[in-house]
Amino acid sequence: MGDGIPSWLDEKFLAASLQGEQSNQPKVSIVSFKIAPPTTIDGYSSDIYRVHVNYRREGSTQEQSKYLVVKVPDSTGLINILLGPISCEKEHLCYKVLLPKMMSKVKCAFAAESFHSTVDKVIVMEDLGKEYRLADRSKQLDLEHCKLVWATLAKYHASSVAIHAENKEVIDFVATEVFFPEGGVMRQWIELGNRTLGVSLEKQGHKEYADVFLSRIENIWDTLVENVKPQPGRLNVLNHGDLWLNNLFFKYNEAKEPVEVRFIDFQASRYSLPVMDLVYFPVRQCPIRREGISTEGTVQPLPGGPEPHSRGARAIRAVYGTTVEGRFEIIDSLVYRYPHLFRVTHSLQSVNSRPTLQWTGSGRLCIWES
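Reading the values: rules and limits
- Residues numbered from 1 in each chain as written.
- Predicted model: local features only at pLDDT ≥ 70, side-chain atom pairs only at ≥ 80, totals over all residues.
- Heavy atoms only, no water.
- Helix = DSSP H or I, 4+ residues; strand = E, 2+ residues; numbered from the N terminus.
- Buried < 20%, exposed > 50% of the residue type's maximum accessible area, 1.4 Å probe, protein only.
- Contact = heavy atoms within 4.5 Å.
- Salt bridge = Lys/Arg side-chain N within 4 Å of Asp/Glu carboxyl O.

## Focus: the overall build of the protein chain
In terms of helices and strands, the protein chain carries 11 helices and 14 strands. Sorting the 370 residues of the protein chain into buried and exposed places 46% on the buried side. Of the contacts formed within the protein chain by residues at least 6 apart in sequence, a portion of 68% connects residues at least 24 apart.

And the structure:
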């Protein structure tokens with residue numbers, strides 16, 4: 001087959017994908033299909049083929065249609081070169097085994113539907129681009145988008161906890177650390193980036209900020225390695241690991257309001273505190289600004305520090321703050337993992353207390369409305 005399309009991506013492969021296991025009934029017959037040329041812009045580690053297939057099921061004259069994405073690992077892709085083939089192996093197992101169980105457990109479709117694949121490590125899934133779309137990449141997400149992401153993320157996290165006991169081996173493999181493992185290949189890259197940023201800030205006359213980076217050069221890698229590990233005795237969940245705009249597909253109603261979100265790309269998944277996703281997402285995608293709401297009795301910035309509000313933090317409050325226990329756990333996680341960013345000014349022990357976080361001026365996520 002031409003245009004760089006693999007010879008195995010044919011009628012037989014597509015029929016097997018739609019039918020599932022060979023023993024499944026009824027049998028599927030392909031009426032027609034069209035494959036778009038591969039793209040490598042969509043994924044740094046895979047070739048992406050979009051397929052429109054028309055088919056019938058045995059015993060029926062009704063013709064059905066599906067739009068599929070076939071994701072084929074590219075051994076020459078940037079991620080595979082840096083991290084090795086395990087990143088694709090993780091995602092393949094995630095789509096094949098783990099995500100269907102997680103979504104069934106909480107009755108929430110937070111990922112694309114996956115289909116059977118007869119080729120090792122190849123992922124076949126629904127093409128979300130037909131009903132969903134990426135948000136405007138030129139803008140950061142507003143509060144409604146953030147709330148939707150966190151409501152869905154809460155179910156994603158919760159489902160991983162609910163099925164962990166009976167699926168521990170699968171989750172442990174899917175959660176294999178690829179970016180910050182012991183002896184990881186990205187150590188020099190991280191240390192160089194930290195040093196470069198510190199030196200740049202120093203040259204611009206911002207010594208107080210430069211020192212934050214320059215003083216951490218020697219231990220930043222070891223700190224990262226330890227921070228991404230699961231923490232015994234604490235609430236650990238399967239983190240997505242890479243929640244940013246390119247991995248979020250939104251569905252909109254007629255009023256152009258976001259009503260659903262699906263996550264893609266699970267190669268960076270890790271089993272750790274939920275705060276890993278909760279901090280990563282707003283830092284990358286949520287605007288930091290004052291919203292014109294009172295902070296009295298909730299979060300007070302330290303003297304000399306900024307006074308912004310994070311829309312992402314308000315969304316965390318709205319979703320993860322629905323139970324007292326959940327709110328305390330997340331706040332406790334923030335303080336435990338990022339003691340240099342926050343300090344608690346009210347006790348977390350009493351159900352009637354109002355936990356308050358104070359901003360220390362050395363990070364971006366700075367408000368928690370309890």
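## Structural notes on the environment of Tyr49
Secondary-structure assignment places Tyr49 in strand β2 (residues 46–57). For the pair Tyr49 and Val70, spaced 21 residues apart in the sequence, the C-alpha separation amounts to 5.1 Å.

## Focus: the side chain of His145
Along the chain, His145 turns up in helix α4 (residues 143–162). Sequence-distant contacts of His145, that is, excluding residues within four places in its chain, are made with Phe250, Tyr252 and Pro258.

## Here's the deal with unusual backbone geometry
Although it is not a glycine, Lys107 sits at a positive phi angle of roughly 55 degrees. When you line up the elements, Lys107 lands in the loop between α3 (86–106) and β4 (114–115). Residue classification places Lys107 among the exposed residues on the basis of a relative accessible area of 75%. A positive phi angle, near 65 degrees, is found at Lys256, a position not held by glycine. A relative accessible area of 68% means that Lys256 is categorised as exposed.

## Regarding the pattern of salt bridges
With the rule as written, the count across this model stands at 14 salt bridges. Across the pair Arg50 and Asp127 runs a salt bridge whose closest N-O atoms are separated by 3.5 Å. Of this pair, Arg50 sits in strand β2 while Asp127 sits in the loop between β5 (123–126) and β6 (133–134), and the two are 77 residues apart along the sequence. Given a relative accessible area of 33%, Arg50 falls into the partly exposed group. The class for Asp127 is buried, based on a relative accessible area of 10%. With its nearest N and O atoms 3.0 Å apart, the salt bridge here joins Arg187 to Glu191. Of this pair, Arg187 and Glu191 are both found in helix α6 (residues 187–203), 4 residues apart, which corresponds to roughly one turn of the helix. Residue Arg187 is classed as partly exposed on the basis of its relative accessible area of 33%.

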